Amino acid sequence: MNQLEILRFALRGLLANKMRSSLTTLGILIGVAAVIMLVAVGEGSSQSIQRNIQRLGANTLTISPQFSGGGGGGGGGMRAPGGGANTGPRTQARQLSLADAKALTDKTLAPSVRSVSPVVTASSSTATYGAASHAISQFVGTYPSYFEAVNKPVTKGTYFFNDDVLAARKVVVLGQTVVEELFGTVDPIGKQVSVSGVPFTVVGVLKEAGSTGMQDADDVAIAPLPAVQQSLSGFGSLNSIVVQASGAETTTAAQAEVTAVLNQRHGVKNDNADYRILNQATLQETVSAATGTFTVLLGAVAAISLLVGGIGITNIMLVTVTERTREIGIRKAIGAPRSAILGQFLLEATMLSLVGGLSGVLVAFIGTRFTVAGIEPVLVPSSVALALGVSVGIGLFFGSYPANRAAKLRPIQALRHE
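This text gives an overview of the structure that appears in the document. On a predicted model such as this, the values are computed, not experimentally measured, just so you know.

Some points on the overall build of the chain
Turning to step 1, where the next piece is worked out: A tally of regular secondary structure across the chain gives 13 helices and 14 strands.
Turning to step 2, where the next piece is worked out: Residue burial in the chain is summarised as follows: out of 418 residues, 45% are buried.
Turning to step 3, where the next piece is worked out: A sequence separation of at least 24 residues applies to 79% of the contacts in the chain between residues at least 6 apart.
Turning to step 4, where the next piece is worked out: With the model as given, the accessible surface of the chain reaches about 20,200 Å², and the carbon-plus-sulfur share is 60%.

This is the structure in structure tokens:
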């Protein structure tokens, strides 16, 4: 009996009971689709987080105040405020000042630092233009270097310049959300908006950034630091200082230099810093590792459904062997070798798995075209190949027992079966 005849018998066996074959295929379909979809959701989530981090720049350090007495955040930059092994009393941090920011621009003390941008944030800033009004989520006062440091390019108009900072001019660059809420389709460049009663002239519009989790990254306005301090926030401490390293490879060196300068200025001893440094490169590496583990975990959980589908194949094939015992006996009686019987039932099981696997790939491909819980799934080719390969392997593995059982039947016993 040649391979073509074995294939013909296998197809005839599958088509003899289409409903049973469909139900068996459905289990594999669900398993393969689940593996591919969950891995795609994990990958989409990972890429979304990576994009959000990259928006801040891979060579950017963000310095912010924290409570002292609860562990040092100046060195590692990844601990939460007040975190650490020190359990002593916590005291209010010494606030970051404009003098701190200026000290970090000293090329002798911090040669790896390209730019320093002091940042203040005005809260409850409501902008109005004509009859339209909008509560801006984040009104930032800073220096022009901030735009490059946090990767906020302008798509229309221009940035403000150092002369605007020195003169404390009330000019502002708006995010896309603010522009849409206040101006609609009107060109905002050159128009005046009133922010908490203070007029600001729009000089530029930021390129659309999209949402970052639950926060709209486009709901922002950026103006010169002195103008925001005079009109909105007051001349107090800074909310943060954004430091841009001279390159991605010098970020670690820049962090060490910044730490040394601030420790000296703040009188920090025993790693008990009253500030923390967030290193975007370190954060990106940590998130990549965490999301990678999460994606693998999702795939492993989904793979359980493939195992269940394999058990279903075993049960269905055992029933099939029992129902076709007389057929097996007749074929053996007229000279069919054991290998032909074994091959036929193995081929049937494998074809069930393959059809289910291919159907699962198609369902998963369609599923990745839709947004799942706010995440756009990203199809991972390796997960498709792996899921399809495992589904075929499951057909061979779980189909081997019933196939072997069929091949071992004695012709006389099989012919006597009712």
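Comments concerning the environment of Ala 131
Turning to step 1, where the next piece is worked out: Tracing the sequence through the fold places Ala 131 in the loop between β3 (125-129) and β4 (132-136).
Turning to step 2, where the next piece is worked out: The spacing of Ala 131 and Leu 182 is 51 residues in sequence and 8.6 Å in space, taken between C-alpha atoms.

Quick word on the nonpolar core
Turning to step 1, where the next piece is worked out: Counting 43 residues, the largest nonpolar core has Ile 63 and Phe 139 as the members making the most contacts within it.
Turning to step 2, where the next piece is worked out: If near-sequence neighbours (up to four positions away) are discounted, Phe 139 is found in contact with Val 120, Thr 121, Ala 122, Ser 125, Val 172, Val 195, Phe 200, Ala 221, Ala 223, Val 228 and Leu 232.
Turning to step 3, where the next piece is worked out: In terms of nonpolar packing, the next biggest core, distinct from the first, is built from 20 residues, Val 32, Ala 33, Met 317 and Val 384 among them.

Quick look at the environment of Thr 259
Turning to step 1, where the next piece is worked out: Within the fold, Thr 259 resides in helix α8 (residues 251-266).
Turning to step 2, where the next piece is worked out: In sequence terms Thr 259 and Arg 276 are 17 residues apart; their C-alpha atoms lie 9.1 Å from each other.

Some points on the pattern of salt bridges
Turning to step 1, where the next piece is worked out: A complete count under the given rule lists 3 salt bridges for this structure.
Turning to step 2, where the next piece is worked out: As a salt-bridge pair, Arg 169 and Asp 164 come within 3.0 Å of each other at their nearest N and O atoms.
Turning to step 3, where the next piece is worked out: In this structure Arg 169 comes out as partly exposed when scored by relative accessible area, which is 39%.
Turning to step 4, where the next piece is worked out: Of the residues examined, Asp 164 reaches a relative accessible area of 12% and is grouped as buried.

Digging into the side chain of Ser 115
Turning to step 1, where the next piece is worked out: Structurally, the position occupied by Ser 115 is in strand β2 (residues 113-122).
Turning to step 2, where the next piece is worked out: The residues touching Ser 115, leaving out its near neighbours within four places in the chain, are Ser 145, Val 242, Val 243 and Gln 244.

Section: a nonpolar patch on the surface
Turning to step 1, where the next piece is worked out: Side chains of Leu 362, Phe 365, Ile 366 and Phe 370 sit close together on the surface and give an oily, nonpolar patch of about 420 Å² of accessible area.
Turning to step 2, where the next piece is worked out: Within the element layout of this structure, Phe 365 appears in helix α11 (residues 338-367).

Notes on α8
Turning to step 1, where the next piece is worked out: When the terminal C-alpha atoms of α8 are compared, their 22 Å separation across 16 residues agrees well with the 22 Å that a helix rising 1.5 Å per residue should span.
Turning to step 2, where the next piece is worked out: Those residues of α8 that fall on the buried side of the exposure criterion are Thr 251, Ala 254, Gln 255, Glu 257, Val 258, Thr 259, Val 261, Leu 262 and His 266.
Turning to step 3, where the next piece is worked out: Its buried side turned inward, α8 meets β1 (60-65), α3 (98-103), β2, β13 (240-245) and β14 (275-279).
Turning to step 4, where the next piece is worked out: Positive backbone phi, approximately 65°, marks Gly 267, located one or two places after α8.

What about the packing of aromatic side chains?
Turning to step 1, where the next piece is worked out: Inspection of the entire model under this criterion finds 4 aromatic pairs.
Turning to step 2, where the next piece is worked out: On the numbers, 4.4 Å between centres and 40° between planes, the contact of Tyr 129 with Phe 183 is tilted. One end of the pair, Tyr 129, is in strand β3; the other, Phe 183, is in helix α6 (residues 176-183), with 54 residues separating them in the sequence.
Turning to step 3, where the next piece is worked out: Look at Phe 183 and you get buried, because its relative accessible area is 5%.
Turning to step 4, where the next piece is worked out: An aromatic cluster is present here, built from Phe 147, Tyr 159 and Phe 160 joined pairwise through their rings.
Turning to step 5, where the next piece is worked out: Note that Arg 369 overlies the ring of Phe 365, its terminal NZ or CZ placed 4.6 Å from the centroid.

Section: the pairing of strand β9 (residues 198-206)
Turning to step 1, where the next piece is worked out: Of all 9 residues in β9, 7 are buried, a share of seventy percent or more.
Turning to step 2, where the next piece is worked out: Inspection of the sheet shows strand β6 (residues 154-157) paired to β9 by 3 bridges, in the antiparallel sense. Counterpart to Gly 157 in the pairing with β9 is Gly 204.
Turning to step 3, where the next piece is worked out: Pairing geometry for strand β7 (residues 171-174) and β9, over 4 bridges, is parallel.

Thresholds, definitions, all that
Residues numbered from 1 in each chain as written. Predicted model: local features only at pLDDT ≥ 70, side-chain atom pairs only at ≥ 80, totals over all residues. Heavy atoms only, no water. Helix = DSSP H or I, 4+ residues; strand = E, 2+ residues; numbered from the N terminus. Buried < 20%, exposed > 50% of the residue type's maximum accessible area, 1.4 Å probe, protein only. Contact = heavy atoms within 4.5 Å. Areas by Shrake-Rupley, 256 points an atom, 1.4 Å probe, with all protein chains shown as cover. Core = buried A, V, L, I, M, F, W, Y, C linked by side-chain atoms within 4.5 Å. Salt bridge = Lys/Arg side-chain N within 4 Å of Asp/Glu carboxyl O. Patch = residues over 30% accessible without salt bridge, like charges linked within 9 Å, V, L, I, M, F, W, Y side chains within 5 Å. Expected span 1.5 Å × (residues − 1). Phe/Tyr/Trp six-rings, centres within 6.5 Å; stacked < 30°, edge-to-face > 60°. Lys NZ or Arg CZ within 6 Å of the ring centre and 35° of its normal. Pairing = 2+ DSSP bridges.

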